[in-house]
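Examining the three-dimensional arrangement
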Amino acid sequence: AVVSTQSTGTRTLPTLSRSISTYPHLKIDIPSSKVYHVQLNRPEKRNAITLEMWYEIGRAFDELSETPDCRAIILSGSGKMFTAGMDLTALMQFVPESPDPAHKSLSLLSVLKKFQDSFTAMEKCKKPVIAAIHGACIGGGVDLICGADIRLMSSECYIQVKEVDIGIVADVGTIQRLPKIVGNQSLVNEYCLTARKIHSDEAARVGIVSRVLVDQAALMDEAVAMAAAIAAKSPVAVQGTKSNLVFSRDHSVQQGLDRVALWNSAMLLGNDPMAAMSGGDFEDA
């Protein structure tokens with residue numbers, strides 16, 4: 001169902017309040033206190049992901065993970081859509097030139113692992129990531145949003161696991177993460193093998209996104225409000241919750257219980273539980 005949040009028009013995001021690296025294909029703003037907004041920023045190319053942009057995504061999330069005044073992150077795309085997926089010209093850039101197929105394969109394996117690490121950086125980022133998806137999210141874009149902690153979508157949007165249509169296998173996260181997101185292997189197989197479009201109503205129904213907003217402006221309003229609500233909470237509690245959610249997804253119930261017990265045996269001794277109960281401020285982490 002579409003959440004009936006009213007659009008407030010185009011959001012203008014303020015300038016960064018602290019020093020952060022510059023990324024040629026990403027735009028980073030702070031729309032609310034302790035909330036960072038990362039935009040894929042090649043609107044003239046539908047945010048198609050080049051080789052350089054791929055690596056920038058990983059570096060940006062690695063940096064924000066260690067940025068103390070960043071407590072929550074929004075990921076979105078500029079222009080008419082979230083992303084059209086991989087820039088197909090990039091395919092030619094990373095295929096190594098070698099007459100020996102074994103050497104070529106080893107070189108290509110190294111590149112593909114770096115691609116995977118760049119998108120996994122979002123999942124490994126200590127700060128929660130909210131993907132705000134509008135227009136369309138195709139191919140490599142689906143791999144990317146599968147690494148986010150929360151996914152929101154505008155009503156006109158669709159996503160598409162497009163790789164089979166260009167003769168390749170999705171290799172940077174969709175096949176591994178989407179089944180755990182949806183919880184229906186047959187349905188994920190259908191998405192990956194047919195490359196059909198998944199429109200916003202279906203994406204919400206099967207759990208790919210947690211809610212759908214009426215348009216892009218309402219989508220960004222909701223993403224900022226949600227990120228601000230998270231950023232107002234204890235960063236120790238938020239980061240610990242994300243870490244244990246990701247761990248528990250890939251381990252047994254008992255392993256998850258053991259880990260969170262060990263985690264809280266240290267964190268309960270800190271100042272944040274008392275600050276939370278008394279309405280006090282939290283130190284950045």
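Check the entry above for the structure.
Residues numbered from 1 in each chain as written. Predicted model: local features only at pLDDT ≥ 70, side-chain atom pairs only at ≥ 80, totals over all residues. Heavy atoms only, no water.

Further remarks concern helix α3 (residues 101-124). In a regular helix each residue adds 1.5 Å, so 24 residues correspond to 34 Å; α3 covers 33 Å between its end C-alpha atoms and thus fits that length. Its axis deflected by about 25 degrees at Ser118, α3 carries its strongest bend there. Every buried residue belonging to α3 is among Val111, Phe115, Ser118, Phe119, Thr120, Ala121, Met122 and Glu123, and all of these are buried. (Helix = DSSP H or I, 4+ residues; strand = E, 2+ residues; numbered from the N terminus. Expected span 1.5 Å × (residues − 1). Bend = angle between axes of the 7 residues up to and from the residue. Buried < 20%, exposed > 50% of the residue type's maximum accessible area, 1.4 Å probe, protein only.)

Another aspect to go through is the packing of aromatic side chains. Tallied over the entire structure, the rule returns three aromatic pairs. Taken together, a centroid distance of 4.8 Å and an interplanar angle of 10 degrees make the contact between Trp54 and Phe119 stacked. Of this pair, Trp54 sits in helix α1 (residues 51-65) while Phe119 is found in helix α3, placing the two residues 65 residues apart along the sequence. For the pair Trp54 and Phe119, a shared accessibility class is recorded, and that class is buried. Each member of the aromatic cluster is reached from another via a ring pair, and the members are Trp54, Tyr55, Phe115 and Phe119. (Phe/Tyr/Trp six-rings, centres within 6.5 Å; stacked < 30°, edge-to-face > 60°.)

Before going further, it helps to examine the pattern of salt bridges. Under the counting rule described, the total for this entry stands at 13 salt bridges. With a shortest N-O distance of 3.2 Å, Asp165 and Lys162 are connected by a salt bridge. Of the charged contacts in the structure, one is a salt bridge between Arg196 and Glu190, with a shortest N-O distance of 2.7 Å. What you see here is one network of salt bridges that share partners, running through Glu123, Arg177, Lys180, Arg249 and Asp250. (Salt bridge = Lys/Arg side-chain N within 4 Å of Asp/Glu carboxyl O.)

This part is about the pairing of strand β7 (residues 150-154). The buried fraction of β7 is high, at four of five residues. Direction of pairing for strand β5 (residues 129-133) relative to β7: parallel, over a ladder of four bridges. Counterpart to Ile133 in the pairing with β7 is Met153. Here β7 runs beside strand β10 (residues 211-213); their pairing, made up of three bridges, is parallel. Each residue of the ladder has a partner; that of Met153, found in β10, is Val212. (Pairing = 2+ DSSP bridges.)

Helix α6 (residues 185-194) packs onto helix α5 (residues 174-182) with a crossing angle of 140 degrees between their chain directions and a minimal axis gap of 9 Å. It follows from the interaxial angle that α5 and α6 lie oblique. Where α5 crosses over α6, the two elements pack in a sense that is right-handed. Taking contact as the criterion, the partners of Thr174, Ile175, Leu178, Pro179 and Val182 in α5 are, on α6, Gln185, Leu187, Val188, Tyr191 and Cys192. (Axes fitted to C-alpha atoms, helices over the stretch in contact; angles between N-to-C directions. Parallel < 35°, antiparallel > 145°, perpendicular 65-115°, else oblique. Left-handed = near helix turned anticlockwise from the far one by under 90°. Contact = heavy atoms within 4.5 Å.)

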